[in-house]
Every structure is written in structure tokens, then in C-alpha cells.
Amino acid sequence: MAIAATEPAATSARPFGPAAALSCRECGERYDLGPKFACEFCFGPLEVAYDHGAVTREQIEAGPLNIWRYAPLLPVPADVDELPNMKPGLTPLVRADRLAAELGLRSLHVKDDSGNPTHSFKDRVVAIAVEAARTFGFRTLSCSSTGNLAGAVGAAAARAGFESCVFIPAGLEEGKVVMAAVYGGKVVALDGNYDDVNRFCSELIGDPAGEDWGFVNVNLRPYYGEGSKTLAYEIAEQLGWRLPEQIVVPIASGSQLTKIDKGFQELIRLGLVEDRPYKVFGAQATGCSPVARAFEQGHDVIQPVKPDTIAKSLAIGNPADGPYVLDVCRRTGGAVAHVSDAEVVDSIKLLARTEGIFAETAGGVTTGVLRRLLAEGVLDPQAETVVLNTGDGLKTLNAVDSGVTATIRPSLDAFKEAGLL
Ligand SMILES: *Cc1c(COP(=O)(O)O)cnc(C)c1O
Ligand SMILES: [Zn+2]
């Protein structure tokens, strides 16, 4: 079959696999699977509901070595791995003994998502949204992004034959801007913060100019969100089909954290792991910590803030899924905490120095919160713990002031004289 370069390839008969409907998180109203994201009755967010058949560990283990091994648990066709799409996932779950020893923890793993195709966890969510866009016949992919999402959309659009036009706040890190632009789509910087960009995109969707566009994190958000479940599936599978007892997750909009919980719950319900308690801990930077503040104060409502932090990938002042994050962390017995920018930098270096993992600022936030909550006795040092690193330090080089130890003449004498031995 000949497909023009700009013509997205068609999908198979059951484009949404085990997905049965969209359902409202607030009132439970159900809708047909479509490019819809808010309930017509209560404006609550819609999420994908499933009608799973039996799914076995063996079936998953025999699948491709990427997120598509979990196709039986995702709103995608069974043969999704055959389509021209990105193949993110199955990133390493690194046993972090040296970091654990330094922090006084018995068992710690780092789920290191920096090695995805565009070097952040966003490739997971975009991959699912792209399949939905393909099915709905959108030709242009778009998003409002704090940086990493723009790169993931640009790359996935190129691979799958879509146009793309992404929106970012002005002043992002160079690594993120270059990564977004190199794939040939349009990158538009808006003079404002992420929340301004998000508002702009909502307006654009309502306008004829943007109504045919697939915004991965707006009108395709129910599908996008499902991609984060693959982090939960992988962690469980990589632990030998077992849930961790504690997990530390970064919060931007809060989608990832709530979907990791959804993923764990599905594994329990399908009998793929033993039902044992786990605690979910959310991590924010102090300069953008609306969810952590609500948690501390015992509030159910999130008070929006104006972000001011080096952790730009997490700088969402009005997080859409904030209230649901509070629900998950409270229900599981976890917490939401924040760390200062100085602690973020320190924690990036700690992770690099102990485990050889160079995290972006979001990984500094989670590692910092891990350290802080252990020191405060909130995290249990005896419990099996996983901390997420969701992005690559190469995209946030300016956060760390590391450089050469010395610059010397290329002679043995000069080296000996420099006092480095
Ligand atoms: C987007 C992002 C997150 C989490 O985003 P949510 O909106 O909370 O799902 C975490 N880490 C990095 C590096 C990101 O880019
Ligand atoms: Zn509703």
C-alpha cells in the first residue's frame, strides 16, 4: 500500500483495543470514544474506561520491547507496534544501592525515563495521543508545553506523517527549544507562562482556525493520560510483577501521578500483581508548589500560583489534575512535598554522583523530595521505594554549574604542577 508522506497511515478494525468508552471522572456519565475531553453535564474531565478481557503476564512478556507490549491495557489497536510511530518505554529501573546507602534507605530503584526517544517521559503520553489523532483523522498535532512535550510532539508527528505546531512559553531552556524545532514543525513561543499558553490553546480549539487540530494534552487528553500508566506497568513488571511500597512522582499538571495510580489499580484488578498497599508521594519545586501547599493545609481546592522555579518542566501554576493528586496521595497514605531550587540542583548532583544518572530539574525535584521526606520521617526507610527521573539533564544544562576541573598545557609537567594528583 502506497502512503503519501503527509498521509497518516490507517489503523486496524478495533482502533481503541480494550477501551470501551470515555467516562466522566466527576459524575460517571459515559460517552463514545471521540476527541472529547470535558463532560457536557458537569464539565468534569473525561477518562478512558475499559472492558478488559483476560490479560496474562506471559502475553505481555511476549510483546515488543517498548510500551506497545501493554497494548492489551491501552486505547490502541492490537497491532499498534506495526504502525509508523515512536517506540518509547521499557526504560531502565536502576537499582540505586549507592544512593540508598547515602540516604539510609533499605531498597531504592530509580525509574530512569531520560532514555526515551526525545529524552523525557512525554514520549509515552504522546504515543497514545498520536494513535487517537490518527483514528480521528486529525492532520495537525499540537500542544501547550512546558518544554518536553513540544519535542515529543514534534518527533512523533514527523514519524507518523502529521503536520505539527506546538506552543511554549517564551524563555525555555535552549535544549528544549532546539529539540522541539529540529523535527521541522512549527514552534511558537508565547509571551507569558505555561498557564497563559494553556489558556491560548483552549481558545484556539474553540476557533475555526484550530478546530481540526489534535491537541495532545487538550482535546486528546483522555488518551494522552493513559500513556503514563505504562510507567506503572513497567515498574511492576521490572520488580518481578510486584508493586513498590513507596513511589515518588513529579507533579506538573498532576496527570502522570494519577495515572500511575490508575495503572497499579488495573494490575491488581486483573490479577497481574498481588494486592498490597502502596503509598504515592508527589513532588514539586517550592517556586511552583500549589498542590503541596493544599496538601499541607488540608485543602481540597488548589490555589493557583505564578511559577518561579528552575524546574520549568513542572512549572504549571494551575494544575488541572491537582485535586485528583490530593485524592491519590491521601487515599494511599502518601504525601505531597516541595523542595527549593538550591535543593533541586544539589539533588541532581547527588543522583549523578551516586548513580551515574544525569537528571533534568524534574529529577532533582523528585530526588530532593525523596531525601526531604526521609529526613522528616514521612517516608519509611525500610520500605521498597521507587523514585522517578522523568527527563534528561542535557536539556537543562544551565541548572548545574559543573565544568572542567582544570585547563592546562598538554604536558606531563603541567599536569603534575596543577596539584590534581
Ligand atoms: C510533563 C512532565 C512531568 C509531569 O507532567 P504531568 O503534567 O504532571 O503529567 C514530569 N516530568 C517531566 C520532565 C515532564 O516534562
Ligand atoms: Zn460529568
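In the block above lies the structure referred to throughout.
Residues numbered from 1 in each chain as written. Chains lettered and ligands numbered in written order. Predicted model: local features only at pLDDT ≥ 70, side-chain atom pairs only at ≥ 80, totals over all residues. Heavy atoms only, no water.

K.L.:
Describe the sheet that holds strand E1 (residues 19-24), with residues and values.
P.N.:
Read from one edge to the other, the open sheet built from three strands follows the order E2-E1-E3, with strand pairing classed as antiparallel. In the strand order of this sheet, the two ends are held by strand E2 (30-31) and strand E3 (46-50), each with one partner. (Pairing = 2+ DSSP bridges. Helix = DSSP H or I, 4+ residues; strand = E, 2+ residues; numbered from the N terminus.)

K.L.:
A description of the environment of Leu 394 should follow, citing residues and the corresponding values.
P.N.:
Inspection of the secondary structure assignment puts Leu 394 in the loop between strand E13 (384-389) and helix H14 (412-417). For the pair Leu 394 and Gly 254, spaced 140 residues apart in sequence, the C-alpha separation works out to 24 Å.

K.L.:
Quick one: what's the story with helix H3 (residues 122-136), residue by residue and with numbers?
P.N.:
Two residues of an α-helix separated by three or four positions point the same way, owing to the 3.6 residues in each turn. With 15 residues, H3 should cover 21 Å at 1.5 Å per step; its first-to-last C-alpha distance of 21 Å lies within 8% of that length. Among the 15 residues in H3, 13 count as buried, and that is most of the element. One or two positions beyond H3, positive phi appears at Gly 137, with a value near 80°. (Expected span 1.5 Å × (residues − 1). Buried < 20%, exposed > 50% of the residue type's maximum accessible area, 1.4 Å probe, protein only.)

K.L.:
Go over the packing of aromatic side chains, please, and point to the residues and values.
P.N.:
Per the stated rule, a full pass over the model turns up eight aromatic pairs. Where Phe 136 meets Tyr 223, the ring centres are 5.6 Å apart and the plane angle is 70°; that geometry is what we call edge-to-face. Taken as a pair, Phe 136 in helix H3 and Tyr 223 in helix H7 (residues 221-226) lie far apart in primary sequence, 87 residues in all. The partly exposed category is assigned to Phe 136, whose relative accessible area is 22%. Residue class for Tyr 223 comes out buried when judged on its relative accessible area of 0%. Chaining the aromatic ring pairs together yields one cluster made of Phe 16, Phe 136, Phe 138 and Tyr 223. (Phe/Tyr/Trp six-rings, centres within 6.5 Å; stacked < 30°, edge-to-face > 60°.)

All we've got here are geometric facts, nothing functional implied.
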